[in-house]
Structures are given as structure tokens and as C-alpha cells.
Amino acid sequence: MEPHHPIDLSFCGHTKPRLYLLSSSFFLLLLLFVLALISSSKQPSFPSFDYPHSSSRLPAGCDISRGEWVPDPAAPYYTNLTCSLIQEHQNCMKYGRPDRDFLKWRWKPAACDLPAFDAARFLDLVRGKSMAFIGDSLARNHMQSLMCLLSKVEFPEDLNSTDNYFKRMFYANYNFTLSSFWSRFLVKAEEVDSDGPNHTGLWNLYLDEVDDSWASEIDQFDYVILSDGIWFSHPTFFYEKRELVGCHFCLVDNVTDLPIWYSYRSALRTTLRSLIDMDGFKGKIFLRTISPSHFEKGEWNKGGDCVRRQPFKKNEARLEGRDLDFHQIQIEEFREAERVGREKGAKLKLLDATGAMLLRADGHPSRFGHWAHENVTLYNDCVHWCLPGPVDLWSNFLFAMMLDDRVD
């Protein structure tokens, strides 16, 4: 049967078999194209990254903690629509943050390139292993960021969905367990007054005793990520050998007022030493350094906010005040723990993200952690980080350090 609209096939001999073959090939290609469209519509779309190959080691002498943020039009790696594991108060897009430019940056170390986060490669590295995040809500912020980055390959099973403070997530295809342990001070603590001198509570801190909520289980983990800091600014009593040795802003007569550096240094030292000395613990310890907050024009409870919409350049911000003191203590205590641990075969790594996060005053939820019309008392949040956002760098650092170390 002749076609209704004859085709000029003079270039191929004007034969019907060739016309039939051409028509069949066309319809076959059309069918394959339609099937490809249907298949792709079932999967979330993720941007591709033109970064250094993710299996490469960092060159000798490269300090990934020093660098600057550079534009990255391909970012982000995921969105709040492709990842359902974001805590509400960090889900900035859901709650109306209007700008997106703060997502379009990546960290560029000064002396090398940072390998892109590769979810499949990361899960291969931790196959059959376990990882624990220990600390406050910023530790949870980090864990949720990591889970969102890994969601490109697999979503985990929540093994205790009713408890947001102690989470255990399981990646069945990799036999990998990811856990978080809520520990405000890392050491043993008890609240003695829910109001306290400044209406934020009053705590007893036992500076030479680790928090058993994590210490009783941590020997089973292959990787431990420690982070803490901001809670030490709360009013607290300090105990050593169960004797009261001082306090911070307790406003009690005849009790020596000591700076928060005293309690923080003691708590961090106790925590690191307990892991080094713990019987049966053979895991690797990562200490993540403090993440600066960025309140402007007031403190967190006095109208302070963070309204910047792009990163600082590296010469536009300086680490100072409380954040500088916290960071110096972390560096000093880590180096001492590393020295002691080396003699005992302990494995410690410093995940120093402070300098990079100092420049990201644009990455906090601010008022976009809840609906504007909600009848709740919530302050502007310039402590935690939007997801997706700059906080994803922490897992990128972790990944690069694991690659560089060639973890068994």
C-alpha cells in the first residue's frame, strides 16, 4: 500500500523494502523514546556535578578547612521535595524562604579541589558498618543532611520512629546503621530548675563523668562524630568527683563563678579520653568543630536575626568572641587527645568546618522554620542550618576524609 504522502527516496534507490525498513526504524526509535520518558518520570531528578572524580585522594598538604565559597549553578544535590528526612524547623523552602541563591555555592579549598560527595561511594565505604552522631541539635542537623545526601541511592528504615532524640536508621542494601545520640553537654548532666536565672534552665554538670546515654552503647560503632558547644552558655553548676567546684551564671552566693571555657574544656577532655580508654571500642573518632551562629542587631532572644542572602568573602568575616574561644579549645583538646590516642592505637580525626561556616550567614532558617501565622513562640534561628544548604559541606568533608584515609 502506497503512503498517502509519497516520500522522495531517490537517494536510496526508490524501493519499497527500504521504505518499510526506514518506517520501522522510525517507529522503533519513537517507542524507545516514549519508554525512556515514562521511566524517567518515575524517579526524582537530581542535577549532575562537574567536580573532581570522587574516588581521588586529596593531595599532600591540602587543608580542606581553608578556602572560599564559589558559585555553583548545578547545586543543590537534593531538594526538600526529594528528601523527606528534613526536620520541620530546618525545612526553609517549605516555610516560605523566597530566595534560592544561597543554595548555589560550593566550597573550594585554597590548595586543592574537594571531591564531590558521592552517595554510592560513601555507602560502599560504610558497608556492614555503623556510624553515630553524638551531641546537640546541630549533630542531628548534620545527620539529617547526610541522610538527604544518601537518599539519591537509598532511603533508610527508621528503627525507632517515635524518638527524635535517639534515632537509629538502617540502610538494608548496605547493612549500614546510622544513629544519633542526643547529649547536650557530652558529659553527665541533670536539669535542676527548668526556669533558672535567665529562664533557660539550670543544670548540674558532672565534668569528669561521660553521659551514659551514649557511652553505654558506643563501643559497637565503627565511626563516631562528636560535636557540641552552644549549650555550655546555659547557667550550670560544675561538679568534679561529685563535689561542687563552681558554676557559670548560677547567681548563688559562695559559689565561684567560672567561665564556660572551664566546663567546655573539661567536658570535651573527659569525652575524648573516655573513648580512647574505652574497652572494646575500636572505632574512628571525628571531632567536628563549632558552627558559628550569625545573629545581628540583637541576641537570639532579643530580636536578633540573620538576613544575609549570600556568603561572606573570606576577608569579610572574622572568628571572634565565644566562637573563637570554643574553636581554640577544640583544637587544643583534639591535639592532646590525638597524642595520647596515638600511644594506644586510637584513631582520631579533626573535621574542622568552622572557617567555612563562618562565611555562611546566609544559610540559617531565620524565621523560615515555621509558618508566619502560627501562634507559637519561636525565635529567629541563626544557629541551625537550612536543608539543603551549607550544612551539607560537613558530610562532604567527612566523605573526603574517609576517602583520603582509605577506610577498611
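These remarks concern the structure in this document. (Residues numbered from 1 in each chain as written. Predicted model: local features only at pLDDT ≥ 70, side-chain atom pairs only at ≥ 80, totals over all residues. Heavy atoms only, no water.)

Considerations on the sheet that holds strand E5 (residues 166–171)
Right, on to step 1. One open sheet holds the seven strands; their spatial order is E4-E5-E6-E3-E9-E12-E13, and the pairing between them is mixed. Every other strand in the sheet has two partners, leaving strand E4 (157–158) and strand E13 (347–351) as the edge strands with one partner each.
Right, on to step 2. Bridge count between strand E12 (residues 284–288) and E13: five bridges; the pairing is parallel. Within E13, the residue paired with Lys-284 across the bridge is Lys-347.
Right, on to step 3. Strand contacts of helix H5 (residues 260–277): strand E9 (223–227), E12 and E13, with the helix running at about 170° to E9, the strand carrying the most contacts.
Right, on to step 4. The sheet strands contacting helix H8 (residues 392–405) are strand E3 (130–135), E9, E12 and E13, and the helix crosses E13 at an angle near 140°. (Pairing = 2+ DSSP bridges. Helix = DSSP H or I, 4+ residues; strand = E, 2+ residues; numbered from the N terminus. Contact = heavy atoms within 4.5 Å. Axes fitted to C-alpha atoms, helices over the stretch in contact; angles between N-to-C directions.)

Quick notes on the pattern of salt bridges
Right, on to step 1. Scanning all chains against the criterion turns up 18 salt bridges.
Right, on to step 2. With a closest N to O distance of 3.6 Å, Asp-113 and Lys-108 form a salt bridge.
Right, on to step 3. Its relative accessible area of 40% is what places Asp-113 among the partly exposed residues.
Right, on to step 4. For Arg-273, the salt bridge is made with Glu-336, and the minimal N-O distance between the two is 3.6 Å. Taken together, the residues span a long stretch of sequence, with Arg-273 in helix H5 and Glu-336 in helix H6 (residues 321–344) at a distance of 63 residues.
Right, on to step 5. Taken together, the salt bridges that share partners define one network made up of Arg-265, Arg-269, Glu-332 and Glu-333. (Salt bridge = Lys/Arg side-chain N within 4 Å of Asp/Glu carboxyl O. Buried < 20%, exposed > 50% of the residue type's maximum accessible area, 1.4 Å probe, protein only.)

Quick notes on the nonpolar core
Right, on to step 1. In this structure, Phe-117, Phe-122, Met-131, Leu-150, Phe-176, Leu-178 and Met-402 are the most contacted members of the largest nonpolar core, which totals 56 residues.
Right, on to step 2. Mapped onto this core, the elements with two or more residues apiece are helix H2 (119–125), E3, helix H3 (137–150), E5, strand E6 (176–182), E9, helix H7 (354–358) and H8.
Right, on to step 3. Sort the elements by how many residues they give to this core and H8 lands first, with nine residues.
Right, on to step 4. Beyond its immediate chain neighbours, meaning those up to four positions away, Met-131 contacts Phe-122, Val-126, Leu-146, Phe-176, Thr-177, Leu-178, Ser-179, Phe-221, Tyr-223, Ile-225, Leu-398 and Met-402. (Core = buried A, V, L, I, M, F, W, Y, C linked by side-chain atoms within 4.5 Å.)

Points about H3
Right, on to step 1. Over its 14 residues, H3 extends 20 Å from the first C-alpha to the last, a length consistent with the 20 Å expected when each residue adds 1.5 Å.
Right, on to step 2. Between the side-chain oxygen of the N-cap and the backbone nitrogen of Leu-138 there are 3.1 Å, and the N-cap of H3 in question is Asp-136. (Expected span 1.5 Å × (residues − 1). Polar contact = N/O pair within 3.5 Å; in protein donor to acceptor, adjacent residues only side chain to side chain.)

Quick word on the packing of aromatic side chains
Right, on to step 1. Inspection of the entire model under this criterion finds 19 aromatic pairs.
Right, on to step 2. Measuring from ring centre to ring centre gives 5.0 Å for Phe-232 and Tyr-264, while their planes differ by 75°; the resulting arrangement is edge-to-face. Here Tyr-264 lies in helix H5 and Phe-232 lies in the loop between E9 and strand E10 (236–240), a separation of 32 residues in the sequence.
Right, on to step 3. The exposure class of Tyr-264 is buried, given its relative accessible area of 1%.
Right, on to step 4. Cluster of aromatic residues (ring-pair linked, three or more members): Tyr-165, Trp-182, Phe-185, Trp-203, Trp-231, Phe-232, Trp-261, Tyr-264 and Phe-326.
Right, on to step 5. One residue, Arg-242, lies across the ring of Tyr-206, its end atom 4.3 Å from the ring centre.
Right, on to step 6. Over the ring of Trp-69 we find Arg-360, and its NZ or CZ is 4.5 Å from the ring centre. (Phe/Tyr/Trp six-rings, centres within 6.5 Å; stacked < 30°, edge-to-face > 60°. Lys NZ or Arg CZ within 6 Å of the ring centre and 35° of its normal.)

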